Amino acid sequence: MAFAGLVIYPWQRAPAADVPDTARSLLGWRVTANGVTIRLTEVEAYAGTGEDPASHAHRGPTPRTEVMFGPAGRAYLYFVFGVHWCLNVVCGREGEAAAVLLRAGEVVDGVDLAVGRRGNTAIRDLARGPARLVVSLGVGREANGTSMIDGTGPLVLAPPLESVLVNGIESGPRVGVASAHDVPWRFWLTGDPTVSAYRRHAPRKPKAARPK
DNA sequence: ACTCGGATTTTCT
DNA sequence: GAAAATCCGAGTG
């Protein structure tokens, strides 16, 4: 019997260059935190320094992206648009900076808790989008840098209990990124209702005169 | 059903 | 100082 703290999944040993394959393989896995479990239905891959201009780590380590350069299996949470948190699983070897963004999933346990955190929302929209997923899990900045493997942090990432054969897996361009529209590194379960709607990156409106 | 704009703060140039 | 891996509500067809 394996010691929980010593479990190493194969993708944790994979190099950063394999992050698209890792992302695809994580579909159907379960993320649990604070009484809510979500089955992943949509993810995106981000590669490390230099190769992927859409990655936060593209220009090398900074205080924010430091955790991405650490060992695979930790959580990388970032704050976006001054409003939302999004959750990534760090991938690649130490010193590399790949990550998989958890974009959407189906709440399979703790639905009541998730509804309490998300407010009046359709069940299937509870985790339909990266920021929504984080709200349902009830995590925030305190989870950044913690392991998602060994149970020492609030988040636990676990393989599917049974083989979750579905219709299939599709891929396409990543959502909302300001560059690299041509890289099909978004993966989702075909036809799953909890997959978020694709939106092309919308250019920001030039700043209007500020009232007051 | 779809499009548009605002919120709000961290990060890096 | 500007941009950012988003979400929600309002307005229109």
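- The name given to chain A in an unreviewed UniProt entry is Putative 3-methyladenine DNA glycosylase, and the organism recorded there is Dactylosporangium siamense.
- Comment text from UniProt for chain A, heading Sequence similarities (unreviewed entry), reads "Belongs to the DNA glycosylase MPG family."

**As for the overall build of chain A**
- Broken down by element type, chain A carries four helices and eight strands.
- Order of helices (α) and strands (β) in chain A, N terminus to C terminus: α-α-β-β-β-β-β-α-α-β-β-β.
- Per-residue burial for chain A yields a buried fraction of 38% across its 212 residues.
- Long-range pairs, those at least 24 residues apart, make up 59% of the contacts in chain A with a sequence separation of at least 6.

**Some details on the protein's contact with DNA strand C**
- Looking at DNA strand C, there are 25 residues lining it, with Leu 101, Gly 129, Ala 131, Gly 176 and Ala 178 nearest.
- Elements with a contribution of two residues or more to the surface near DNA strand C: strand 4 (84-91), strand 5 (98-109) and helix 4 (130-137).
- Considered class by class, the residues forming the surface near DNA strand C number 14 nonpolar, eight polar and three charged.

**Considerations on the environment of Thr 146**
- Mapped onto the elements of the fold, Thr 146 is located in the loop between helix 4 and strand 6 (156-158).
- Discounting residues that sit within four places of it in the chain, Thr 146 has contacts with Arg 74, Ala 75, Thr 152, Gly 153, Pro 154 and Leu 155.

**Considerations on the protein's contact with DNA strand B**
- Taken together, 11 residues sit near DNA strand B, with Arg 59, Thr 62, Arg 64, Phe 81 and Gly 82 positioned nearest.
- Taken together, the residues of the surface near DNA strand B sort by class into five nonpolar, three polar and three charged.

**Description of the nonpolar core**
- Counting residues in each nonpolar core, the largest one holds 51 residues, and the members touching the most others are Val 43, Cys 91, Ala 99, Val 100 and Leu 102.
- For this core, the elements supplying multiple residues, two or more each, are helix 2 (19-25), strand 1 (30-33), strand 2 (36-46), strand 3 (75-80), strand 4, strand 5, helix 4 and strand 8 (186-189).
- Examining the composition of this core, we find that seven residues originate from one element, strand 5, more than from any other.
- Those residues within four positions of Leu 102 in sequence are excluded, and the remaining contacts are Val 31, Leu 40, Val 43, Leu 87, Asn 88, Val 89, Pro 130 and Leu 133.

**Looking at the environment of Pro 154**
- Note that Pro 154 resides in the loop between helix 4 and strand 6.
- For Pro 154, a count of 17 C-beta atoms within 10 Å gives the class partly exposed.
- It is 19 Å that separates the C-alpha atoms of Pro 154 and Tyr 9, two residues lying 145 residues apart in sequence.
- Excluding anything up to four places from it in sequence, Pro 154 contacts Ala 33, Asn 34, Val 139, Ala 143 and Thr 146.

Rules used throughout
- Residues numbered from 1 in each chain as written.
- Chains lettered and ligands numbered in written order.
- Predicted model: local features only at pLDDT ≥ 70, side-chain atom pairs only at ≥ 80, totals over all residues.
- UniProt positions renumbered as here; feature names shortened; annotations may be inferred.
- Helix = DSSP H or I, 4+ residues; strand = E, 2+ residues; numbered from the N terminus.
- Buried ≥ 20, exposed ≤ 12 C-beta atoms within 10 Å, placed from the backbone.
- Contact = placed C-beta atoms within 7 Å.
- Near = placed C-beta within 6 Å.
- Nonpolar A, V, L, I, M, F, W, Y, C, P; charged D, E, K, R; others polar.
- Core = buried A, V, L, I, M, F, W, Y, C linked by C-beta atoms within 7 Å.

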